[in-house]
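Structure at a glance
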Amino acid sequence: MTLQQSRRLQSVLLGTLAWAIAILIFFPIFWMVLTSFKTEIDAFATPPQFIFTPTLENYLHINERSDYFSFAWNSVVISFSATALCLLIAVPAAYSMAFYETQRTKGTLLWMLSTKMLPPVGVLMPIYLLAKSFGLLDTRIALIVIYTLINLPIVVWMIYTYFKDIPKDILEAARLDGATLWQEMVRVLLPIAKGGLASTVLLSLILCWNEAFWSLNLTSSKAAPLTALIASYSSPEGLFWAKLSAVSTLACAPILIFGWISQKQLVRGLSFGAVK
């Protein structure tokens, strides 16, 4: 076998492996969407049926029982607001740590990351009592603050990593040209790191969109996001798989579409700094 044939075979094998992993990851989503068009009888059938008569009764039931757009709007407002607040705090913090590093920088970053190891249930009671005292139960503000705090360590770490890959000479050149600190960040730093910032924003949105623990414990109806809507379809009578799949599809669809549209920026952000 020649070297060219060996490389071609290696390329085919890697491509096959990549497709196999992609199909394995995508299959649960495919099965969820497929089940959402089944009747409850078909959803419980053993062995699973791939050939069936599609129906929209599950989606009609959701529309009659719940105000989907109200839950979806809460998810949009909470996720985007928490992400924006994260960026407002994380960008200056990451800038100072990346370009004005001290002996305490590494320790501070590790301390921030260590807060992610704390189980949420361990601080549920004090946070619940604080939200109740300030009249923030079942409000978007409470979830925005909580989501900002729990995602801030990851956002700071990611932006810090992207900023560290930017040569300091570029910023020094901007200063020599008379750029202020604000102009240095807005006109020089952020445009260079926009790919990394885009991937950070997308990750933060996904984390906020998928967060269920705090939405179930701090909201009931007015500020409940889509995660709370999904949980409402779990009843003492059991799980209705077809209806649960339908509401899960409706909950996942917006963020999946947004991620598909933003995939170019996401890939650019993940590969940021890989090639100097």
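Residues numbered from 1 in each chain as written. Predicted model: local features only at pLDDT ≥ 70, side-chain atom pairs only at ≥ 80, totals over all residues. Heavy atoms only, no water.

This brings us to empty space enclosed by the protein. This structure, assessed with the given rule, holds 1 cavity of 30 Å³ or more. Taken as a whole, the largest cavity holds about 30 Å³ of empty space. Along the walls of the largest cavity sit Ser75, Ile78, Ser79, Tyr147, Cys208, Trp209, Pro225 and Thr227, which together make up its complete lining. Taken together, the elements giving at least two residues each to the lining of the largest cavity come down to α4 (68-99) and α10 (194-210). The element best represented in the lining of the largest cavity is α4, accounting for 3 residues. Considered class by class, the residues forming the lining of the largest cavity number 5 nonpolar, 3 polar and no charged. (1 Å grid on protein atoms, 1.4 Å probe; cavity = no way out; pocket = protein on both sides within 12 Å on 5 of 7 lines; lining within 4 Å. Points joined across faces, edges and corners; volume = space filled by probe spheres on them. Helix = DSSP H or I, 4+ residues; strand = E, 2+ residues; numbered from the N terminus. Nonpolar A, V, L, I, M, F, W, Y, C, P; charged D, E, K, R; others polar.)

On to the environment of Asp67, then. By secondary structure assignment, the location of Asp67 is in the loop between α3 (57-65) and α4. Put simply, Asp67 and Leu229 are 162 residues apart on the chain and 9.3 Å apart in space, counted from C-alpha to C-alpha.

This part takes up the UniProt feature "transmembrane region" (unreviewed entry) in the protein chain. Under the UniProt annotation, "transmembrane region" (unreviewed entry) lies at residues 12-34, 71-97, 109-129, 141-163, 184-207 and 240-261. The span residues 12-34 carries 100% helix and 0% strand; its end-to-end C-alpha distance comes to 30 Å. Annotation note: span residues 184-207, helix share 96%, strand share 0%, distance between end C-alpha atoms 30 Å. (UniProt positions renumbered as here; feature names shortened; annotations may be inferred.)

Let's shift gears to the nonpolar core. Note on soluble globular proteins: their nonpolar side chains tend to be buried together. By size, the foremost hydrophobic cluster in this structure holds 24 residues, and its most contacted members are Tyr95, Phe99, Val156, Ile159, Phe163 and Leu189. Contributions of two or more residues to this core are made by α4, α5 (105-114), α7 (140-164), α8 (168-176) and α9 (181-192). It is α4 that provides the largest number of residues to this core, a total of 8 residues. Contact partners of Leu189, with chain neighbours within four places excluded, come to Tyr95, Phe99, Phe163, Ile166, Leu171 and Glu184. (Core = buried A, V, L, I, M, F, W, Y, C linked by side-chain atoms within 4.5 Å. Buried < 20%, exposed > 50% of the residue type's maximum accessible area, 1.4 Å probe, protein only. Contact = heavy atoms within 4.5 Å.)

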